[in-house]
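Here is what each chain is made of, one letter per residue.
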Amino acid sequence: MSIPSHARSNFQTLLRAAGDGNLALMECLDAVTGAPRYVICAVGRDDGDFVFTPFGHLADGNPYDAYLPPNPGDPGGFMHPGAPGEAP
């Protein structure tokens with residue numbers, strides 16, 4: 001599996017913003033559900049105004065329940081609950 005170049009580029013931008021102390025955590029509303037989201041943003045300036053660029057939101061609840069990690073035994077696959085070798 002390969003991470004697309006736009007994702008790698010966005011990640012590098014996020015790392016630079018973090019290194020420069022230009023990150024913010026903002027409370028926003030999900031555009032579809034209206035639920036509160038806590039969004040990680042890079043902070044920039046434009047003619048004296050602050051500009052917040054959203055990169056993603058923090059996972060609600062247990063983040064280990066929200067994502068399936070890559071499967072080390074299958075470069076194109078992901079671990080699934082109950083798969084052999086996965087922790088309960």
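Up top is the structure.
Scoring rules and cut-offs
- Residues numbered from 1 in each chain as written.
- Predicted model: local features only at pLDDT ≥ 70, side-chain atom pairs only at ≥ 80, totals over all residues.
- Heavy atoms only, no water.
- Helix = DSSP H or I, 4+ residues; strand = E, 2+ residues; numbered from the N terminus.
- Rg over C-alpha atoms; globule rule 2.2 N^0.38 Å.
- Buried < 20%, exposed > 50% of the residue type's maximum accessible area, 1.4 Å probe, protein only.
- Contact = heavy atoms within 4.5 Å.
- Areas by Shrake-Rupley, 256 points an atom, 1.4 Å probe, with all protein chains shown as cover.
- Pairing = 2+ DSSP bridges.
- Axes fitted to C-alpha atoms, helices over the stretch in contact; angles between N-to-C directions.
- Salt bridge = Lys/Arg side-chain N within 4 Å of Asp/Glu carboxyl O.

## Comments concerning the overall build of the protein chain
1) Next: The helix and strand tally for the protein chain stands at two helices and five strands.
2) Next: When the elements of the protein chain are put in sequence order from the N terminus, they spell out α-β-β-β-α-β-β.
3) Next: Its C-alpha radius of gyration of 17 Å places the protein chain more than 25% over the 12 Å reference for a compact globule of 88 residues.
4) Next: Structurally, the protein chain occupies a C-alpha span of about 55 × 30 × 20 Å along its principal axes.
5) Next: Out of the 88 residues belonging to the protein chain, those deemed buried represent 8%.
6) Next: When contacts within the protein chain are restricted to residue pairs at least 6 apart in sequence, long-range pairs at least 24 apart make up 15% of them.
7) Next: Accessible area of the protein chain: about 6,900 Å², with a carbon and sulfur share of 59%.

## Describing the sheet that holds strand S2 (residues 36-46)
1) Next: Spatial ordering of the open sheet is given by S1-S2-S3, a layout of three strands whose pairing is antiparallel. Lying at the two open borders of the sheet, with one neighbouring strand each, are strand S1 (23-29) and strand S3 (49-57). For this sheet, the mean angle separating the axes of adjacent strands, direction not counted, is 45°.
2) Next: Alignment of S2 against S3, held across eight bridges, turns out to be antiparallel.

## What about the pattern of salt bridges?
1) Next: Overall, the coordinates contain two salt bridges when judged by the stated rule.
2) Next: Where Arg37 meets Asp30, a salt bridge forms, and the shortest distance between an N and an O atom there is 3.2 Å.
3) Next: A relative accessible area of 17% places Arg37 in the buried class.
4) Next: Where Arg37 meets Asp60, a salt bridge forms, and the shortest distance between an N and an O atom there is 2.8 Å.

## Remarks on the pairing of strand S5 (residues 74-78)
1) Next: Taken together, the two bridges between strand S4 (residues 70-71) and S5 define a ladder with antiparallel strand orientation. Residue pairing in the sheet places Pro70 in a bridge with Phe78 of S5.
2) Next: If you look at the hairpin formed by S4 and S5, you'll find two residues sitting between the two strands.

## Details of unusual backbone geometry
1) Next: The backbone of Asp47 sits at a positive phi, close to 50°, despite the residue not being glycine.
2) Next: Within the secondary structure, Asp47 sits in the loop between S2 and S3.
3) Next: For Asp47, a relative accessible area of 77% puts it in the exposed group.

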